[in-house]
Amino acid sequence: MPVSNKTTTVRKQGNVQSQKAPGAKATKPASKKKDDEDGVEQGDGWDEGTLVKPADQLELTEAELKEEITRILTANNPHAPQNIVRYSFKERSYKPISGVDQMAVHFVLEGNLLHQDSDEARRQRAKQGLTEEKVAADAGAEPDEEKPETPATPGEDGGEAEEGGEEDRPDSAASKTDKKEQKVTNQFNFSERASQTLNNPLRERSCQTEPPRRCTFSANANQWEIYDAYVEELQKQEKNKEKQKAVPSKKDDDKSKKKIVITETQGDDITKVAKAAKILERMVNQNTFDDIAQDFKYFEDASDEFREQEGTLLPLWKFQYDKAKRLSVTALCWSKKYPDLFAMGMGSYDFSKQGRGMLVFYSMKNSAFPDYIYPTNSGVMCLDIHEELSCLVAVGFYDGCVAVYNLIVQGVQPVYKSTAKTGKHTDPVWQVRWQNDDMDNNHNFYSVSSDGRVVSWTLVKNELVFTDIIKLSVEGAASEGPEGAQQLSVACGTSFDFHKQIDYLFLVGTEEGKIHKCSKTYSSQFLETYDAHNMAVDAVKWNHFHPKVFISCSSDWTVKIWDHTINTPMFTFDLYAAVGDVAWSPYSSTVFAAVTTDGKVHVFDLSVNKYEAICQQPVVAKRTKLTHIEFNPVHPIVIVGDDRGYVTSLKLSPNLRKKPKGKKGEELPKGPEVEAAKMEKLLSLLREPEPGSV
């Protein structure tokens, strides 16, 4: 039967070969037979002599077939990453690594084997009580020449072997044979398991030290420079000897006094000239920008009469310091005592572009050049001018320090500054606020930072004394408990504000979008927590007139107005862009303004329109983000700062500051009580009616 199958196969093969045309592709045989025993499919056309080509094979010419294609093998690992970066402490930035390790390890085996004839193996066997004869018997294939040498080996290492045997051998010889041979440890890379893992010491976030001071010094040491240094030192010594020998007489004393008086009068003359020069500079500047000064004083937009519920902003002066280019305006504050003076803090909100900062004071009487300039090593993030003593300015920095500048004191250094020893923050300080003097009449201010601490700073003699008021946490205020107590995660504080009437009450906005109502005297937990925003709270401020109302803004595009006795917002406004700052007006309880990152200023008056802004105006160029806004305490103007270092002053049109009209000849009442009643009337429309009231 197998023979007939074979002949049939050959016949079919012959038929296929006879029908095959030259140059045609080989066709796949139609019939197949299965082997019953092996289960292997055996198809026709797979025997020797047949040519099977795939259907999609390329047809190449002779020249293409003879063409040589060279492939170069390199040692580069194709899977090695090419974008590894490491932190450079020299340049204080991340730098890409040029040299990448191209070695790919496929197999590593670290063994603990030693050669049996090595000295180390002999010492190991001697300590374990094994003789060379037993080892040789186990091997069973040693040559006859080595047999006489084996008894001599203990003599060579006899001292070590006997000492090791006496110390480590058990009493009975039978126990040696029963012992299993221990693993021989590798003496090159052996390490105990206990020493392989390094446990890092526990460190707290509050632990910090002052970095050592660094300076770059370079000089050439030549023969003449060394000679000049010695000559200068000799001259100093001779002068000192002459001073000691010379006895001052009365005439010399009179001459020295006259010289001192002359220098003092010269200094006084210079200060007088400087004051006159400043006045002259202001006069020239006001003459140059006379049209802006006239608009500031007298211009009123007449088109407001045709717009009942809308207003405009008139651009006035623009303030910019040339040496503060590429810095953003991170803080603005008006002086309460001098309405024309304001301070601006310069820094950066981009954590990867941190560097120097600047504190600059401008007056509206001279927009060309600042009145005071204080360069800083770290970016200024916030500032506040004292209400009564306008010369004192509290400043918070990106590196966690707080400082107090005195405009009267000469120099550019602060009179007070916190350090790591005096409890400075470990993260950027986002807001500072002056408070009333304490019982000892010491000035004090508060600060909030991303490290979760709200700290009170007191100016005592020549130092800042800090006191932690509250430590923010995600679930609540964390107090120091016994060991093993559950540690709550720290919440990052971004803004805060103190109540205008209740001294101990203040609000804190966090990076998680929550607002906490806290008390200075009760720091164990929060009085209330509001789920305010979906992103970080950029600003939170109490109303100047109504004691229950505060406002908040966030990067989630919203501005919300709250009653602190209710957990839900009373008003919510969507401004369609991230809100950088918000401010209440000092003349009305229902007017506030906000700035957004699309370069627009939004002014709202709730008594006119409760649903949308009565003024929405872009005031800067495209792709410029507005960061802060502040109302002038006296004049109807606002100042806005942007991320390019410019501060623009804008005058409010009459519709943005108009007062309610009364009947002819009737005087409307004025005062904070009227403004508080106006806001209360709005809130009463939104509050739920109390149970039992009809």
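Thresholds, definitions, all that
Residues numbered from 1 in each chain as written. Predicted model: local features only at pLDDT ≥ 70, side-chain atom pairs only at ≥ 80, totals over all residues. Heavy atoms only, no water. Patch = residues over 30% accessible without salt bridge, like charges linked within 9 Å, V, L, I, M, F, W, Y side chains within 5 Å. Areas by Shrake-Rupley, 256 points an atom, 1.4 Å probe, with all protein chains shown as cover. Salt bridge = Lys/Arg side-chain N within 4 Å of Asp/Glu carboxyl O. Helix = DSSP H or I, 4+ residues; strand = E, 2+ residues; numbered from the N terminus. pLDDT = per-residue confidence, 0-100. Contact = heavy atoms within 4.5 Å. Pairing = 2+ DSSP bridges. Axes fitted to C-alpha atoms, helices over the stretch in contact; angles between N-to-C directions. Core = buried A, V, L, I, M, F, W, Y, C linked by side-chain atoms within 4.5 Å. Buried < 20%, exposed > 50% of the residue type's maximum accessible area, 1.4 Å probe, protein only.

Caption draft 1: Spotlight on a nonpolar patch on the surface. Together, Val85, Tyr87, Phe89 and Tyr94 line one region of the surface with nonpolar side chains, adding up to about 490 Å² of accessible area. Assignment of secondary structure puts Val85 in strand S3 (residues 85-88).

Caption draft 2: Focus on the confidence of the model for the protein chain. Mean pLDDT over the protein chain works out to 77, with 73% of the residues at or above the 70 mark. Note on residues 1-45: pLDDT is under 50 here. Beyond four places in sequence and across chains, it has 27 contacts. When the criterion is pLDDT under 50, residues 141-177 qualifies, and its contacts beyond four places in sequence or with other chains add up to 17 contacts.

Caption draft 3: Broad picture of the sheet that holds strand S29 (residues 615-618). Taken together, four strands build an open sheet; the order of strands is S26-S27-S28-S29 and the sheet is antiparallel. Single-partner strands in this sheet number two, and they are strand S26 (579-584) and S29. For this sheet, the mean inter-axis angle between neighbouring strands, taken without regard to orientation, is 15°. Relative to S29, strand S28 (residues 600-605) runs antiparallel, the two sharing four bridges. For Val601, the partnering residue across the bridge sits in S29 and is Gln617.

Caption draft 4: Focus on the nonpolar core. Phe361, Leu383, Val395 and Phe445 are the most contacted members of the largest nonpolar core, which totals 32 residues. Residue assignment for this core shows that the elements contributing at least two residues are strand S6 (328-334), strand S7 (341-347), strand S8 (357-363), strand S10 (380-385), strand S11 (392-397), strand S12 (402-406), strand S14 (429-435) and strand S16 (453-460). No other element matches S11, which puts five residues into this core. Here Phe445 is in contact with Ala394, Val402, Val404, Val432, Arg433, Trp434, Gln435, Val455, Ser456, Trp457, Leu459 and Leu464, once residues within four sequence places are set aside.

Caption draft 5: Looking closely at the environment of Pro636. In this fold, Pro636 is placed in the loop between strand S30 (626-631) and strand S31 (637-642). A relative accessible area of 24% means that Pro636 is categorised as partly exposed. Not counting residues within four places of it along the chain, the set of residues in contact with Pro636 comprises Leu650, Lys651, Leu652 and Arg657.

Caption draft 6: Highlighting the pattern of salt bridges. All chains considered together, the criterion is met by 13 salt bridges. Between Lys95 and Glu91 there is a salt bridge, and its shortest N-O distance comes to 2.9 Å. Across the pair Glu675 and Lys678 runs a salt bridge, and its minimum N-O distance is 3.3 Å. Of this pair, Glu675 and Lys678 are both found in helix H11 (residues 672-686), three residues apart, which corresponds to roughly one turn of the helix. Among the residues examined, Glu675 registers a relative accessible area of 14% and is labelled buried. Salt bridges here are not isolated pairs; linked through shared partners, they connect Arg433, Asp497 and Lys500.

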